[in-house]
2 protein chains.
Amino acid sequence: MKFILDAFGGDNCPNAIIDGVVLAQKEYPDIEFIITGNKQIINDYINEKKYKINNLQVVDAPEIITCNDVPTVAIKTMKNSSLVVALDMLKKDDSIDALISTGSTGAILAGGFLKIGRIKGVSRPALCPALPTKTGGNVLLIDCGANADCKPINLCHFAMMGSIYYKELFGKENPRVALVCNGTEDSKGNELVKSTFPLMKKLPINFVGNMEARDALSGEYDVLVCDGFTGNVFLKATEGAVGLVMSELKKSIKSSLLSKIGAVLSFKAFKKVKKRLDYNKYGGSPFIGCSKTIIKSHGSSNSETIYASIVQAYKYQSASINEKIAEQIVNLPNLEDLEND
Amino acid sequence: MKFILDAFGGDNCPNAIIDGVVLAQKEYPDIEFIITGNKQIINDYINEKKYKINNLQVVDAPEIITCNDVPTVAIKTMKNSSLVVALDMLKKDDSIDALISTGSTGAILAGGFLKIGRIKGVSRPALCPALPTKTGGNVLLIDCGANADCKPINLCHFAMMGSIYYKELFGKENPRVALVCNGTEDSKGNELVKSTFPLMKKLPINFVGNMEARDALSGEYDVLVCDGFTGNVFLKATEGAVGLVMSELKKSIKSSLLSKIGAVLSFKAFKKVKKRLDYNKYGGSPFIGCSKTIIKSHGSSNSETIYASIVQAYKYQSASINEKIAEQIVNLPNLEDLEND
């Protein structure tokens, strides 16, 4: 397998990318890597660390797209940026299997959409991170931010893609797919959810109905489907709430000597929880539905996150997710026919 | 002041309602109360507890609307239910200032809308709970579930009502109002947010722009505006995440003796956090924009929650929130004119 990594755009670039590649090569010596970015800086870091990386090609691409650049404009005009060079190589070179980037989400989505394109039959690619559940497992959230406005057909495709992805990555037959909703009753939802519900029942997936956001991480669901606006609000509300509890606990614990001692003793437990809830270790969000594999890794990714994203891309490729999506989406009955059934 | 309380429909009914009234009468002896519900059960409990409640009238209304009843149907047909009797009295009797209920949210919203009606000029009433922030304050979320689908004018009215409510209840001039969004940039959002953004800038409020759900509880905002579907997902995602962290901490702490000892020592701190994040103590959500004050208290309300809801209704009335909304909504420039500016 051959992966291309955009070495710039994230907070810890390019060091985290290079360190992540070194970690990955120990476990997966057969993967070839290409890194795009300022060649001088990349090589200086490799030399400084005295890394000997086999199967590594560094491609000079000195421009950096930031979150302040307008995504579609940046993709069209910043041709020497680490992201655009990586996208162009991914597109042209059939031997490259996947792209990993920690850069601007908007630019990655725009680039994926404009340069790489969709799997035939997929109406919209979507971001699909894995979140931890109460029961120790994972749940996929699709779409978590690529498509702010969606139609029922988009949500149906998200459900299909999420179901295939979950089955292959977590090895579970008939993953339980639910619609994110403001109640569990069949009649609940906004217009989008209400129109999608009857269509979901006709898809070849294990659709278990509407789900309240309160139960999203309960372990009762495997794939949560929603428009990208709702998914983004859900994900960030979860992040914010976790941060609030942690900071409140810290404040409370500092307020008395006894509880300070207690905190020291339960420190390991705290750390464990923090780690478990830290989605960095799960790698990134695949931009699922693109015709080639693209993984958006968190902007604050460290070397472990990059390593996890590489493993994720490896599993994604090994399981032929894209091929399976292509096959099953094409075989899907026409959704407009379903609607008129 | 005179308040009417629906004594049935919640988890701890009617005991929590009656206990809450007793608590409130100690602090606010001038409030008169009416309680609706099964008179026998209510009176039995009062006698059992040997309560002497001044200014209390019990009105027999033996039917109970549950979450399994279709709200609009229940409001129209269950005329002897504790909620419908309370709504009818609130509507007909000008001396009754506010209604508090722990019953089915859907039924309260349907009843408020159908029987009590809106303040003139308000396009849609909305649920507006107060949430705790990192900095020790509160932030209002409007709408958190009354209107699954909204138009820009609805969001503008929510912003106006939330701003007035915040100013009066928390005594802060120019509360900072933000749109819940999938990014902070002006150009972000789904179609609804994008269409609402320019209108919000023209309202007589302190509109500070788009906000990411991650920062909702940061203390940087006072009023968060969104459609009821998004608000519901946000609120429940927050609840779910807080629950997840707490349960993970418990599990982790139980896993070793040292951390168990630690947990005992920091127990007080934990309890404090739990209390601070427990929205029960903030009372309920006003169904703001109705022509009379309606407070939806949590289904699992205990006597303290009911007490808090009564205090909330008292402050709401004392501050003449409804009158101020009526005045300012009527004086609002025509939003369609704003759109064409």
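Residues numbered from 1 in each chain as written. Chains lettered and ligands numbered in written order. Predicted model: local features only at pLDDT ≥ 70, side-chain atom pairs only at ≥ 80, totals over all residues. Heavy atoms only, no water.

Draft legend 1. Local environment of the overall build of chain A. Helix and strand counts for chain A come out as 13 helices and twelve strands. For 341 residues, the compact-globule formula gives about 20 Å, and the C-alpha radius of gyration of chain A, at 21 Å, lands near that figure. Reported as C-alpha extents along the three principal axes, the dimensions of chain A are approximately 65 × 60 × 35 Å. A total of 341 residues make up chain A; the buried ones form 59% of that total. Long-range contacts, defined as pairs at least 24 residues apart, comprise 72% of the intrachain contacts of chain A with a sequence gap of at least 6. Accessible area of chain A: about 14000 Å², with a carbon and sulfur share of 49%. Positive and negative charge centroids in chain A, built from 40 and 37 side chains respectively, lie 6 Å apart. (Helix = DSSP H or I, 4+ residues; strand = E, 2+ residues; numbered from the N terminus. Rg over C-alpha atoms; globule rule 2.2 N^0.38 Å. Buried < 20%, exposed > 50% of the residue type's maximum accessible area, 1.4 Å probe, protein only. Contact = heavy atoms within 4.5 Å. Areas by Shrake-Rupley, 256 points an atom, 1.4 Å probe, with all protein chains shown as cover. Lys, Arg positive; Asp, Glu negative; His and termini not counted. Charge placed at Lys NZ, Arg CZ, Asp CG, Glu CD.)

Draft legend 2. Quick look at the pairing of strand β7 (residues 138–142) of chain B. All names here are of chain B. By the criterion of burial, β7 is predominantly enclosed, with five of the five residues buried. With burial as the criterion, each face of β7 is covered, one bearing Asn138, Leu140 and Ile142 and the other bearing Val139 and Leu141. The pairing of strand β6 (residues 130–132) with β7 spans three bridges and is antiparallel. Bridge pairing in β7 links alanine 130 to leucine 140. Alignment of β7 against strand β10 (residues 223–225), held across three bridges, turns out to be parallel. By the bridge assignment for β10, leucine 141 is matched with leucine 224. (Pairing = 2+ DSSP bridges.)

Draft legend 3. Highlighting the nonpolar core. Grouped together as the largest cluster of nonpolar side chains are 164 residues, with contacts concentrated most on A:Met200, A:Val225, B:Met200 and B:Val225. Beyond its immediate stretch of four places on either side in the chain, A:Val225 contacts A:Ile142, A:Leu155, A:Phe158, A:Ala159, A:Val177, A:Ala178, A:Leu179, A:Val180 and A:Met200. Ranked by size, the runner-up nonpolar core spans 28 residues in total, among them A:Phe8, A:Val58, A:Ile100 and A:Ala313. (Core = buried A, V, L, I, M, F, W, Y, C linked by side-chain atoms within 4.5 Å.)

Draft legend 4. Highlighting the relation of the copies chain B and chain A. By a simple turn and slide, chain B fits onto chain A: the slide is 0.0 Å along the axis, the RMSD is 0.0 Å, and the turn is 180 degrees. On the angle and the small slide along the axis, the relation comes out as a two-fold axis. Considering only C-alpha atoms, the residue of chain B closest to the rotation axis is B:Gly262, which sits at 1.8 Å. Most of the interface of chain B is mirrored in chain A, where 100% of its interface residues are also at the interface. (Least-squares fit on C-alpha atoms with pLDDT ≥ 70 in both.)

Draft legend 5. Examining the interface of chain B and chain A more closely. Counting from both sides, the interface comprises 52 residues of chain B and, opposite them, 52 residues of chain A. Summed over both partners, the interface of chain B with chain A buries about 4700 Å², with 69% contributed by carbon and sulfur atoms. Our count for the chain B to chain A interface comes out at four salt bridges. As a salt-bridge pair, A:Arg214 and B:Glu239 come within 3.0 Å of each other at their nearest N and O atoms. Where chain B touches chain A, the interface holds eight residue pairs in polar contact (both at pLDDT 80 or more). When contributions to the side of chain B that touches chain A are tallied by element, the ones reaching two or more residues are β8 (176–181), α7 (191–201), α8 (228–254), α9 (257–265) and α10 (267–277) of chain B. (Buried area = accessible area lost by both parts, 1.4 Å probe. Salt bridge = Lys/Arg side-chain N within 4 Å of Asp/Glu carboxyl O. Polar contact = N/O pair within 3.5 Å; in protein donor to acceptor, adjacent residues only side chain to side chain.)

Draft legend 6. Local environment of the sheet that holds β10(B). All names here are of chain B. Taken in spatial order, the five strands of this open sheet run β6-β7-β10-β8-β9, and their pairing is mixed. Edge positions in the sheet fall to β6 and β9 (206–212), since each has one partner strand and no second. In this sheet, adjacent strand axes meet at a mean angle of 30 degrees when their direction is disregarded. Helix-sheet contacts for helix α6 (residues 152–170) involve β6, β7, β8 and β10, and the interaxial angle to β7 is about 155 degrees. (Axes fitted to C-alpha atoms, helices over the stretch in contact; angles between N-to-C directions.)

Draft legend 7. Layout of unusual backbone geometry. Residue and element names in this part refer to chain B. Residue proline 14 is bonded to the preceding cysteine 13 through a cis peptide linkage, with omega at 0 degrees. With respect to the secondary-structure elements, proline 14 resides in the loop between β1 (2–6) and α1 (15–27). Cis peptide bonds are those with omega within 30 degrees of zero, and the linkage from isoleucine 142 to aspartate 143 qualifies with 10 degrees. For aspartate 143, the position within the fold is in the loop between β7 and α6.

Draft legend 8. Molecular detail of the packing of helix α8 (residues 228–254) of chain A against α8(B). Their axes nearest at 8 Å, the elements α8(A) and α8(B) cross at an angle of 40 degrees. The orientation of α8(A) relative to α8(B) falls into the category oblique. Crossing handedness for the pair α8(A) and α8(B): right-handed. In this structure, α8(A) uses A:Phe229, A:Thr230, A:Val233, A:Phe234, A:Ala237, A:Thr238, A:Ala241, A:Val242, A:Val245, A:Met246 and A:Leu249 to contact α8(B), whose residues at the interface are B:Phe229, B:Thr230, B:Val233, B:Phe234, B:Ala237, B:Thr238, B:Ala241, B:Val242, B:Val245, B:Met246 and B:Leu249. Residue classes in the contact of α8(A) with α8(B) are distributed as 18 nonpolar, four polar and no charged. (Parallel < 35°, antiparallel > 145°, perpendicular 65-115°, else oblique. Left-handed = near helix turned anticlockwise from the far one by under 90°. Nonpolar A, V, L, I, M, F, W, Y, C, P; charged D, E, K, R; others polar.)

Draft legend 9. Up close: a positive patch on the surface. Residue and element names in this part refer to chain A. Judged by side-chain charge, Lys250, Lys254, Lys260 and Lys274 come together as a positively charged surface patch. Tracing the backbone shows lysine 250 in helix α8. On the basis of relative accessible area, lysine 250 is assigned to the exposed category, the value being 53%. (Patch = residues over 30% accessible without salt bridge, like charges linked within 9 Å, V, L, I, M, F, W, Y side chains within 5 Å.)

Draft legend 10. Region of interest: the environment of B:Cys181. With respect to the helices, strands and loops of the structure, B:Cys181 is situated in strand β8. B:Cys181 sits in the buried class, given a relative accessible area of 0%. Excluding residues within four positions of it along the chain, B:Cys181 makes contact with A:Phe229, A:Asn232, A:Val233, B:Lys188, B:Gly189, B:Val193, B:Asn210, B:Met211, B:Glu212 and B:Ala213.

Draft legend 11. Expanded view of the confidence of the model for chain A. When the pLDDT values of chain A are averaged, the result is 91; 96% of them are 70 or greater. Model confidence for the complex: the whole-complex pTM is 0.92, and ipTM, which rates the interface, is 0.91. (pLDDT = per-residue confidence, 0-100.)

Draft legend 12. Structural detail: the sheet that holds strand β3 (residues 56–60) of chain B. All names here are of chain B. Spatially, β3-β2-β1-β4-β12-β11-β5 is the arrangement adopted by the seven strands of the open sheet, whose pairing is mixed. In this open sheet, the two edge strands, each paired with only one partner strand, are β3 and β5 (126–127). Bridge analysis of β5 against strand β11 (residues 285–288) gives two bridges, and the strand direction is antiparallel. Pairing of leucine 127 across the sheet is with phenylalanine 287, part of β11. Packed onto the sheet, helix α4 (residues 82–92) meets β1, β2 (32–37), β3, β4 (98–101) and β12 (293–296) and runs at close to 170 degrees relative to β4. Strands β1, β2, β4, β11 and β12 of the sheet are contacted by helix α11 (residues 303–318), whose axis makes an angle of about 145 degrees with β1.

Draft legend 13. Molecular detail of the packing of aromatic side chains. Residue and element names in this part refer to chain B. Here the structure, examined in full by the defined rule, presents twelve aromatic pairs over all chains. The interplanar angle of 35 degrees and the centroid separation of 4.6 Å between the aromatic rings of tyrosine 166 and phenylalanine 170 together place this pair among those described as tilted. Of this pair, tyrosine 166 and phenylalanine 170 are both found in helix α6, four residues apart, which corresponds to roughly one turn of the helix. For the pair phenylalanine 197 and phenylalanine 207, a centre-to-centre distance of 5.3 Å together with 70 degrees between the ring planes defines the contact as edge-to-face. With phenylalanine 197 in helix α7 and phenylalanine 207 in strand β9, this residue pair connects regions lying ten residues apart in the sequence. The exposure class assigned to phenylalanine 197 is buried, which follows from its relative accessible area of 9%. For phenylalanine 207, a relative accessible area of 14% translates into the label buried. (Phe/Tyr/Trp six-rings, centres within 6.5 Å; stacked < 30°, edge-to-face > 60°.)

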